[in-house]
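A look at the structure
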Amino acid sequence: MMVSILQMHASIARRLLRVVKVLADIDIALSKSVQDGHFSAWIGSRRVDYRVSYTPAMFGQKLVLRVLDLANAPTHLKDLKLPTWMERDVGQVVRQDSGMVLMCGPTGSGKTTTLYALIREIDVTLRNVITIEDPVEYQIEGVTQIPINESQGNSFSTMLRSVLRQDPDVILVGEIRDPETARIAMQAAITGHLVFSTVHAQDVIGTIFRLLNLGVESYLLASGLHLVLAQRLVRELCPHCKSPQKLSPADMMRLDRYGVTGVTKVYAPRGCSRCLDTGHIGRRAVFELLSANDDLRDAILADTQIQDMRKAIRSTMFASLRESGYRLVAEGVTTVEEIDRVVGAD
Ligand SMILES: [Zn+2]
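Residues numbered from 1 in each chain as written. Predicted model: local features only at pLDDT ≥ 70, side-chain atom pairs only at ≥ 80, totals over all residues. Heavy atoms only, no water.

For the rest of this paragraph, the subject is the overall build of the protein chain. Across its full length, the protein chain holds twelve helices and twelve strands. A globule of 346 residues ought to have a C-alpha radius of gyration of about 20 Å, and the protein chain, at 22 Å, matches this closely. Dimensions along the principal axes, computed over C-alpha positions, put the protein chain at roughly 65 × 60 × 40 Å. Buried residues in the protein chain amount to 46% of all 346 residues. Pairs at least 24 apart in sequence give 65% of the contacts found in the protein chain among residues at least 6 apart. (Helix = DSSP H or I, 4+ residues; strand = E, 2+ residues; numbered from the N terminus. Rg over C-alpha atoms; globule rule 2.2 N^0.38 Å. Buried < 20%, exposed > 50% of the residue type's maximum accessible area, 1.4 Å probe, protein only. Contact = heavy atoms within 4.5 Å.)

Another aspect to go through is the coordination of the zinc ion. Within the first shell, the zinc ion binds the protein through Cys238 (SG), Cys241 (SG), Cys272 (SG) and Cys275 (SG), at distances of 2.3 to 2.4 Å. Angles of 104 to 115 degrees at the metal separate the four donor atoms of the zinc ion, which places the site in the tetrahedral class. In terms of primary sequence, the donors binding the zinc ion are separated according to C-x2-C-x30-C-x2-C. Across this residue pair, the class does not change: Cys238 and Cys241 are buried. (Donors = N, O, S within 2.8 Å, 3.2 Å for Na, K, Ca; no water. Tetrahedral: all angles 85-135°; square planar, octahedral: opposite > 155°, others 65-115°.)

Turning to the pairing of strand β9 (residues 225-237), a few remarks are in order. Across the 13 residues of β9, ten count as buried, placing the element largely inside the fold. Pairing of strand β4 (residues 99-104) with β9, which is carried by five bridges, proceeds in the parallel orientation. Considered in β9, the bridge of Met100 is made with Leu225. Where β9 and strand β12 (residues 280-291) come together, ten bridges link them in antiparallel fashion. In the strand pairing of β12, Leu227 is matched with Ser291. (Pairing = 2+ DSSP bridges.)

Glancing now at the nonpolar core. Counting 58 residues, the largest nonpolar core has Met100, Leu102, Ile176, Ile208, Leu211, Leu221 and Met309 as the members making the most contacts within it. Among the elements that line this core, the one with the most residues is helix α5 (residues 179-190), at six residues. In contact with Met309, other than residues within four places in its own chain, are Ile205, Ile208, Phe209, Leu296, Ala299, Ile300 and Thr304. Counting 32 residues, the second-largest nonpolar core is a separate cluster that includes Leu80, Val94, Val170 and Phe196. (Core = buried A, V, L, I, M, F, W, Y, C linked by side-chain atoms within 4.5 Å.)

Taken together, the side chains of Val3, Ile5, Leu6, Met8, Ile12, Leu16 and Leu276 make up a nonpolar region of the molecular surface, amounting to roughly 690 Å² of accessible area. Relative to the assigned elements, Ile12 resides in helix α1 (residues 10-23). Ile12 gets classed as partly exposed once you look at its relative accessible area, which sits at 45%. (Patch = residues over 30% accessible without salt bridge, like charges linked within 9 Å, V, L, I, M, F, W, Y side chains within 5 Å. Areas by Shrake-Rupley, 256 points an atom, 1.4 Å probe, with all protein chains shown as cover. Salt bridge = Lys/Arg side-chain N within 4 Å of Asp/Glu carboxyl O.)

Taken by themselves, the reported measurements are silent on function.
Take a look at the structure:
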């Protein structure tokens, strides 16, 4: 959501755009092309990275600055504020020697941040951890991080192949988006490697079908897959100005339908100087977690349709994105509208 902060004169804006180009080592002579770069700045004693992107528009270039500030990002498992049972499941899986842990969610849903937080749970003095990324977003102490470069022939699959010759214990593959990477990664997961990756899918079931569609054999998926997490980011209510409200009967029925019962009081955004009158400060991740159990493995092996897969999932400890989101509403963290906006209509 956008917030208008400041209007400035066009001549000042143009100068500002040039300054950022110099900082990010971007050609200031070009103005009709797409340009990308990055720079860092020290804020006190901590380093903040900025990802810079210029796109040509009708009246000059448009600049987007993405702030990569570790101080604002969850760095460890406990910072993700997962429900207790999810944190326990995830904590167990990252201690295992082999298996596949997958994350899904749209761009900007915080998948990478979560994966990094999981990687940081691993003792890198005892286990050889290698990541293959496009691009490397944050540097992690003690981890070998490899950026891929498709134009030089270093794709996810070729890098993964060569990395496997280096006898890694843990591998993070930035994204599984082609059949070859999918197959090599799953094979690695059943041959003594703990593999983390992301998949472009809406939810955990979509992730399973995405891998099958990429040609991963069902036996491979059934034996390799350990955990799937889906994630979205929702805006948190500003704690300084959120106002208590009675839950409407319609919303109460809605929450009830997703197993979130006994809620009477919720909060609505209001707006104050601390939150720039938006009513929101910060964002919180909402998760959907699926731990593979025997029922799920049987369902995958049986080439099940989506409906049967959903049935199999009910035998596991499972909470959908919407259910997890409504629990945050019950805790006064966010609103029903925000969950419906982010998770989509049902
Ligand atoms: Zn406020």
